[in-house]
Amino acid sequence: MIVTDRLVFLHLHKSGGTFVNALLMHCITSARQIGYHLPYRELAAEYRELPVVGTVRSPWAYYVSWYHFQRGQPNPNILFRICSDGGRLGFKETIANLVGLSADEARLARLEEGVPENFANFGLNLTKRCVRELGERGTGFYTFLYERLYAGTREPTILRMEGLREALREALGSAGHLPNACVDRFLREVPPLNTTRHDAPSLYFDDELAALVEKRDSSVIKRYGYTLSDA
């Protein structure tokens, strides 16, 4: 979570937020990081009148990125360890477990036991309360992250990751941050950050798993018009 004198940026997991964070901290002199992956409800009252900017991506693409990022870590996080049965499961089984996690009481109990009571401001940064809310919502995991992050915001500006650079330029201007050479150079020259190497997301899903994501993450998919073929 970053605040400037003109806006608040909320960082949705694996959705281009690292790039936005870096640009704001490097190019906007008033920018301050006040948390990490924190939901809007954690924003101090003094910033509540500022417009909110965030990002989103295709849920199918998110799951592919998340899986390959965690699989490549020497010490994957607790969410990956639980959904992959300690790394023994492959992509299809792990993602099916993650997408259906909100209905899996046994895995939810293990996750709640393993996360802290309060926000740690690094890594996954979910609390026991967050895990309980996941179980209550009954959505896909990415939809849960999306709804948890933006709940309570009034008309946030949500930037699609697929066209992030130009959308970010427009959002900064709309919020009142005047164009400057640093922003222009950053958008033009800095490569995507915190990326993961993998093939096109559509190649990883069979019909069954694709349909599961479409069903459980339907609200995000329908709101932004995502399809598996353009993930």
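These remarks concern the structure in this document. (Residues numbered from 1 in each chain as written. Predicted model: local features only at pLDDT ≥ 70, side-chain atom pairs only at ≥ 80, totals over all residues. Heavy atoms only, no water.)

## Points about the overall build of the protein
So, point 1. For the protein, the count of helices and strands is 11 helices and 5 strands.
So, point 2. Projected onto its principal axes, the C-alpha positions of the protein cover 50 × 35 × 35 Å.
So, point 3. When each of the 231 residues of the protein is scored for burial, the buried share is 51%.
So, point 4. Counted over contacts in the protein with a minimum sequence separation of 6, partners at least 24 positions apart contribute 73%.
So, point 5. Of the roughly 11,100 Å² that the protein leaves accessible, carbon and sulfur atoms contribute 49%.
So, point 6. Computing the positive centroid from 28 side-chain charges and the negative centroid from 27, the protein places the two 3 Å apart. (Helix = DSSP H or I, 4+ residues; strand = E, 2+ residues; numbered from the N terminus. Buried < 20%, exposed > 50% of the residue type's maximum accessible area, 1.4 Å probe, protein only. Contact = heavy atoms within 4.5 Å. Areas by Shrake-Rupley, 256 points an atom, 1.4 Å probe, with all protein chains shown as cover. Lys, Arg positive; Asp, Glu negative; His and termini not counted. Charge placed at Lys NZ, Arg CZ, Asp CG, Glu CD.)

## What to know about the sheet that holds strand β5 (residues 157-160)
So, point 1. The strand order across the open sheet formed by 5 strands is β3-β1-β2-β4-β5, and the pairing between neighbours is mixed. Looking at the sheet topology across the chains shown, the edges are occupied by β3 (32-33) and β5. (Pairing = 2+ DSSP bridges.)

Purely spatial values, then, with no claim about function.
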